[in-house]
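Spelled out, the chains give:
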Amino acid sequence: MIVNMSDSATEQQIDHIIQRIREAGFQPHVTRGTERTIVAAVGSGGRRHEIEALSVAPGVDNVVAIAQPFKLVSRQTRPQPSVVEVGDVKIKIGGPEVVVIAGPCSVESREQLLETAQAVKRAGATMLRGGAYKPRTSPYEFQGLGVEALKILREARELTGLPVVTEVMSTEDVDLICEYADMLQVGARNMQNFALLRRLATVKKPILLKRGPSATVKEWLLAAEYLLSGGNNQVVLCERGIKTFETATRNTMDLAAVALAKELSHLPVVADPSHGTGKQSLIGAVSRAAIAVGADGIIVEVHPCPERALSDGPQSLDIPQFERVMRGLCEPLRPVLAPGCDPA
Ligand code: PEP
Ligand code: MN
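Along every chain, residues carry numbers that run from 1 in the direction the sequence is written. Labels follow written order: the first chain is A, the first ligand is 1, and so on. With the structure being a predicted model, the display of local features is reserved for residues of pLDDT at least 70 and the display and counting of side-chain atom pairs for 80 or more, all residues being used for whole-chain, interface and lining totals. Side-chain numbers here rest on the full set of heavy atoms in the structure, without hydrogens or water.

Draft legend 1. Quick look at the environment of F26. Helix and strand definitions follow DSSP, with helices as H or I runs of at least four residues and strands as E runs of at least two, each counted in order from the N terminus. Tracing the sequence through the fold places F26 in the loop between helix 1 (11–23) and strand 2 (27–32). Looking at F26, the relative accessible area reads 9%, which means it is buried. Sequence separation between F26 and E115 is 89 residues; the distance between their C-alpha atoms is 51 Å. Whether two residues touch is decided by their heavy atoms; if any such pair falls within 4.5 Å, the residues are in contact. If sequence neighbours within four positions are ignored, F26 has contacts with I21, A41, V42, G43, G46, R47, R48 and I51. A 1.4 Å probe rolled over the protein chains alone gives each residue an accessible area, and that area as a share of the maximum for its type sets the label: buried under 20%, exposed over 50%, partly exposed in between.

As structure tokens, then:
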């Protein structure tokens, strides 16, 4: 349930509503907007009728049910978009500018990562990605360098100033990765690892939550709800393609889901055209399309020599290709032939 306070509600009236929500057996979550304050009552087992009755309390405009099963993630609870800040340099995801996160699928060596980090920085990327713990389909494939990779990522951040995002696969690694990384990625395969989500809800780092390859938008947003309801509201959603009957691309990049997630939720959304398509040649076009549908950022894989990459080579851009993609992102979209249509 949501208690919409009137625009003239006093602090005392807001405090009273918070208190009553607790007494009714729910957790109160307050969102202070520019015009008015919303107090959400979330949780299970509370007494709904006591919240409904608050519609006549002083300072309350109205009380409405939250239509979606994801409560804190919903736009209804927070109509204005959330901005997530990453790293000491406070890169803003969800603000006016689109953020570009780039780097290799896996950290393979110090030379490979430092070269990539410097090159993507020069080309305009604002964050660095790189896998230390890799979720691989086969146990015989490269599994990542683990803590050695984390140390290299830290060195790359010191060298370039780019905040670092890396995947966490297990609750056991959370504390260690928090020491090294600025943002923790929950990989697609772990989107519904609820023990991991519950643990990450307690950390003081932002989370990049990838959509599972077979997850609906509702399941994805409910996974984010685990993080917010557990106390971490620094969450960025990431669409990375889903499984469909199509085999021409590695996954099917669901750009409608980017627009839908933005509509349903206040959380920032980034798009991953590397995993979404699996093809170097499509990264530029799909990145531009993602931005056109409202993505707050893109995350792309870049490798100094994709043919030698230990993971995801076919979808990794080399450095000149990444530079071209970056230039393409800055080009305006084609004009639409629409006589008489004045955009102003
Ligand atoms: C990755 O980012 O390299 C990765 C493994 O992504 P996903 O979880 O989306 O497959
Ligand atoms: Mn990858």
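Draft legend 2. Local environment of the packing of helix 10 (residues 283–292) against helix 11 (residues 319–329). One can describe the packing of helix 10 onto helix 11 by two numbers: an axis separation of 9 Å at closest approach and a directional angle of 30°. The orientation of helix 10 relative to helix 11 falls into the category roughly parallel. Crossing of helix 10 over helix 11 shows right-handed handedness. Along the contact surface, helix 10 presents G284, S287, R288 and I291, while helix 11 presents V325, G328 and L329. For this classification, Asp, Glu, Lys and Arg are treated as charged, while Ala, Val, Leu, Ile, Met, Phe, Trp, Tyr, Cys and Pro are nonpolar and the rest, including Gly, are polar. Taken together, the residues that form the contact of helix 10 with helix 11 break down as three nonpolar, three polar and one charged. Between N-to-C directions, angles span 0 to 180 degrees; the directions come from axes that are lines fitted to C-alpha atoms, helices contributing only their stretch in contact. An angle below 35 degrees is read as roughly parallel, one above 145 as roughly antiparallel, one from 65 to 115 as roughly perpendicular, and any other as oblique. Take the far helix as your reference; a near helix turned counterclockwise from it by less than a right angle gives a left-handed crossing, and one turned clockwise gives a right-handed crossing.

Draft legend 3. Region of the structure containing the sheet that holds strand 2. If you walk across this open sheet you meet the four strands as 2-3-1-4, and the pairing is antiparallel. On the outer flanks of this sheet lie strand 2 and strand 4 (60–64), each paired with one strand and no other. On average, each strand axis in the sheet is inclined to that of its neighbour by 20°, with strand direction left out of account. Any two strands between which DSSP finds at least two bridges are classified as paired. In terms of strand pairing, strand 1 (residues 2–5) meets strand 4 through four bridges, oriented antiparallel. Of the residues in strand 4, the one forming a bridge with M5 is V60.

Draft legend 4. Main features of the coordination of the manganese ion (ligand 2). Each metal's donors are the N, O and S atoms found within 2.8 Å of it, except that Na, K and Ca use a 3.2 Å limit; water is left out, so coordination can look incomplete. Distances from the manganese ion (ligand 2) to its protein donors, C105 (SG), H275 (NE2), E301 (OE) and D312 (OD), fall at 2.0 to 2.4 Å. Here the donor residues of the manganese ion (ligand 2) share one chain and are spaced in sequence as C-x169-H-x25-E-x10-D. Residue C105 is found in the loop between strand 7 (99–103) and helix 3 (110–123), and its partner H275 is found in helix 9 (residues 273–277); the two are separated by 170 residues along the sequence. Owing to a relative accessible area of 9%, H275 belongs among the buried residues under this scheme.

Draft legend 5. Inspection of the pattern of salt bridges at higher detail. One speaks of a salt bridge when a side-chain nitrogen belonging to Lys or Arg is within 4 Å of a carboxyl oxygen belonging to Asp or Glu. If you walk through the whole model with that rule in mind, you get 16 salt bridges. The salt bridge involving E52 is made with R48; its shortest N-O contact spans 3.8 Å. On the criterion of helical spacing, the pair formed by E52 and R48 is a turn pair, its members being four residues apart in helix 2 (residues 48–52). You can call E52 partly exposed: its relative accessible area is 39%. We note a salt bridge from E85 to K92, for which the minimum N-O separation is 3.3 Å.

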